[in-house]
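The lines below spell out each chain.
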Amino acid sequence: MPKTMYKLDLSKPMEEQIHPGHNRWHPDIPAAFSVDPGTAFRMECQDWTDGQIKNNDTPNDIRDVNLARVHVLSGPVYVNGVEPGDLLVVDILDIGTFQEYEWGFNGIFAKENGGSFLTDHYPEAAKSIWDFEGIYTTSRHVPGVKFAGVIHPGLIGVAPSLELLQKWNERENELKMTDPDRVPALANTPNPEAAVLGTLKGAEFDRVAKEGARTVPPRENGGNCDIKNLSKGSRIYFPVFVKGAKLSVGDLHFSQGDGEITFCGGIEMAGWIDLKVDVIKGGMEKYKIKENPVFKPGPVDPLYSDFLVFEGISVDEKDGKQHYLDANIAYKRACLNAIEYLKTLGYTGEQAYMLLSTAPVEGRINGIVDIPNACCTVAIPTQIFDKDIMPK
């Protein structure tokens with residue numbers, strides 16, 4: 001078993017850990033530890049909210065969550081000898097839960113505090129708790145389903161250079177200013193509130209807190225991609241922007257449907273992850289992996305083979321307006337169609353919505369050239385239900 005190089009006390013918030021992690025991206029956040037290429041190691045991770053969500057039946061903690069706190073990440077890890085222009089090779093060897101925390105949560109954020117993919121249809125907060133038994137999970141809040149999880153890190157990435165960080169902040173602020181009063185906001189720009197920045201203190205802490213990019217979106221460094229198949233056995237090739245790469249990880253999910261559509265996500269959990277790192281010198285130029293990571297999925301995946309598939313096209317559900325090859329609208333329509341069907345089986349809209357975000361649901365862009373409509377699909381594995389769900 002790899003040595004635990006980053007250990008947490010889950011009863012304490014991230015800034016009170018022996019070595020605090022971080023919840024912003026910035027090249028000047030100090031590394032938590034260093035390793036040589038070829039080293040395998042274990043890191044422990046808090047859930048992405050830093051323990052704000054509790055195992056109970058009220059959604060008030062989802063409604064009132066402090067989103068300036070997210071995501072709390074473990075790291076950074078400095079990999080010796082790695083330089084800008086290299087590729088950092090990261091193998092996900094294993095991921096697991098803590099014995100004393102064999103549960104996770106999913107939620108729908110309130111529209112005024114985070115929102116979600118379908119926030120105009122489901123503007124109120126909701127929560128489901130999921131209990132783990134080996135590879136399987138069930139929920140007292142979404143009855144009648146049991147499925148195997150594809151455990152994965154929702155967020156894993158390397159530090160940006162200062163130049164790249166400035167580019168992120170400029171372009172995202174420009175987008176936000178096109179509709180500055182929108183709820184939820186078009187982008188989460190730098191915000192020093194509730195920042196955790198490793199061991200930084202004083203003036204350096206204040207500077208980095210004002211400059212640091214939020215961890216919410218995926219970017220060139222990887223980050224919060226929420227790819228459910230980036231699981232055990234996967235290998236990731238990260239472009240390197242700073243010395244040592246400064247790798248960080250967090251936002252572990254026991255399971256997730258494609259799209260993570262409720263935003264409070266897959267089945268969020270605290271746990272541990274085993275990683276192994278290596279380097280390809282000069283790999284960014286050699287393999288033209290310069291803008292975003294590349295990964296090879298691992299061999300671990302539940303063997304669900306029977307699906308009920310729902311289609312959606314790029315026609316607005318509210319006013320029937322035609323949009324041109326808009327995959328976002330098409331995927332939204334597919335999700336809404338799936339939810340309406342699940343409601344005929346006895347689920348509430350909120351239960352169905354959370355099920356699509358937690359179960360190993362397959363999302364696809366099926367057609368992106370047949371003007372004017374894009375076509376997307378949502379495929380629900382039928383074997384996860386305790387009854388036949390097919391139309392009759």
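The rules behind these values
- Residues numbered from 1 in each chain as written.
- Predicted model: local features only at pLDDT ≥ 70, side-chain atom pairs only at ≥ 80, totals over all residues.
- Heavy atoms only, no water.
- Helix = DSSP H or I, 4+ residues; strand = E, 2+ residues; numbered from the N terminus.
- Rg over C-alpha atoms; globule rule 2.2 N^0.38 Å.
- Buried < 20%, exposed > 50% of the residue type's maximum accessible area, 1.4 Å probe, protein only.
- Contact = heavy atoms within 4.5 Å.
- Areas by Shrake-Rupley, 256 points an atom, 1.4 Å probe, with all protein chains shown as cover.
- Polar contact = N/O pair within 3.5 Å; in protein donor to acceptor, adjacent residues only side chain to side chain.
- Pairing = 2+ DSSP bridges.
- Axes fitted to C-alpha atoms, helices over the stretch in contact; angles between N-to-C directions.
- Domains from an automatic or database assignment.
- Buried area = accessible area lost by both parts, 1.4 Å probe.
- Salt bridge = Lys/Arg side-chain N within 4 Å of Asp/Glu carboxyl O.
- Core = buried A, V, L, I, M, F, W, Y, C linked by side-chain atoms within 4.5 Å.

Participant: I'm lost on the overall build of the chain in this one. Help?
Facilitator: Broken down by element type, the chain carries six helices and 22 strands. Here the C-alpha radius of gyration of the chain, 21 Å, is about what a compact globule of 392 residues would show, namely 21 Å. Scored against the burial criterion, the 392 residues of the chain give a buried share of 56%. Excluding contacts between residues fewer than 6 apart, the proportion of contacts in the chain whose partners are at least 24 apart in sequence is 79%. Of the roughly 16,600 Å² that the chain leaves accessible, carbon and sulfur atoms contribute 51%.

Participant: Where do I start with the side chain of Ser314 in this structure?
Facilitator: As for its position among the elements, Ser314 is in the loop between strand E20 (307-313) and helix H5 (327-343). On the accessibility criterion, Ser314 (0% relative accessible area) is buried. Side-chain polar atoms of Ser314 contact the backbone oxygen of Pro372, separated by 3.5 Å. A polar contact of 3.0 Å, which involves the side chain of Ser314, links it to the backbone nitrogen of Ala374.

Participant: Explain the sheet that holds strand E18 (residues 271-280) to me, please; I cannot follow it from the model alone.
Facilitator: Strand pairing in a sheet takes place through backbone hydrogen bonds and is either antiparallel or parallel in direction. Taken together, six strands build an open sheet; the order of strands is E1-E4-E18-E6-E15-E19 and the sheet is mixed. Edge strands, defined here as strands with exactly one partner in the open sheet, are strand E1 (3-6) and strand E19 (294-296). Averaged over all neighbouring strand pairs, the angle between strand axes comes to 35°, with direction disregarded.

Participant: Even after reading the chapter, I still don't get unusual backbone geometry, so can you show me in this structure?
Facilitator: Glycine aside, residues mostly have negative phi angles, and peptide bonds mostly take the trans form. For the peptide bond that leads from Val183 to Pro184, omega is -5°, which places it in the cis range. Structurally, the position occupied by Pro184 is in the loop between helix H2 (162-176) and helix H3 (202-211). Going from Ile371 to Pro372, the amide bond is cis rather than trans, its omega being 5°. Structurally, Pro372 can be placed in the loop between strand E21 (362-367) and strand E22 (375-381).

Participant: What is the right way to look at the domain arrangement of the chain in this model?
Facilitator: Many authors give the size of an interface as the accessible area that is lost as the parts come together. In terms of domains, the chain is made up of domain 1 (4-296) and domain 2 (307-384). The centre of domain 1, based on its C-alpha atoms, is set 26 Å off from the matching centre of domain 2. At the interface, 34 residues of domain 1 touch 25 residues of domain 2. Between domain 1 and domain 2 lies a buried interface of about 2,400 Å² when both sides are counted; carbon and sulfur atoms form 63% of it. Looking at the side of domain 1 facing domain 2, the largest losses of area belong to Phe117, Tyr122 and Asp258, adding up to 25% of the total buried there. At the surface where domain 1 touches domain 2, the tally comes to three salt bridges. Note that Asp120 and Lys318 form a salt bridge whose closest N and O atoms lie 3.1 Å from each other. Elements with a contribution of two residues or more to the side of domain 1 that touches domain 2: strand E7 (103-108), strand E8 (126-133), strand E10 (147-148) and strand E17 (263-268). Looking at which element gives the most residues to the side of domain 1 that touches domain 2, the answer is E8, with four residues.

Participant: Can you help me understand the environment of Val369 in this one?
Facilitator: Mapped onto the fold, Val369 is located in the loop between E21 and E22. Given a relative accessible area of 62%, Val369 falls into the exposed group. Put simply, Val369 and Leu325 are 44 residues apart on the chain and 7.1 Å apart in space, counted from C-alpha to C-alpha.

Participant: I tried to follow the pattern of salt bridges on my own but got confused; where do I start?
Facilitator: A pair can form between side chains of opposite charge whenever their charged atoms are brought close. On inspection of all chains with the given rule, the structure shows 26 salt bridges. The salt bridge involving Lys228 is made with Glu362; its shortest N-O contact spans 3.2 Å. Placement of Lys228 in the loop between strand E14 (222-223) and strand E15 (235-239) and of Glu362 in strand E21 is noted, with a sequence separation of 134 residues between them. One salt bridge connects Glu285 with Lys288, and the closest N-O pair in it is separated by 2.3 Å. We classify Glu285 as partly exposed; its relative accessible area is 43%.

Participant: Can you walk me through the sheet that holds E20 in this structure?
Facilitator: Overall, antiparallel pairing links the three strands, which are arranged E20-E22-E21 in an open sheet. What marks the edges here is a single partner per strand, and that holds for E20 and E21. Looking at each pair of strands side by side, their axes are set apart by 25° on average, direction ignored. As paired strands, E20 and E22 are joined by seven bridges and run antiparallel to one another. Bridge pairing in E22 places Glu311 opposite Thr377. H5 contacts E20, E21 and E22 of the sheet and is inclined by roughly 135° relative to E20.

Participant: Just checking my understanding: could you explain the nonpolar core for this structure?
Facilitator: When a protein is soluble and globular, its nonpolar side chains tend to lie buried together. Ranked by size, the top nonpolar core spans 89 residues in total, and within it Leu88, Leu247, Leu355 and Leu356 carry the most contacts. Built from parts of two domains, this core gets at least three residues from each of domain 1 (4-296) and domain 2 (307-384). In this structure, Val65, Ala110, Ile129 and Cys264 belong to the second largest nonpolar core, which totals 13 residues.

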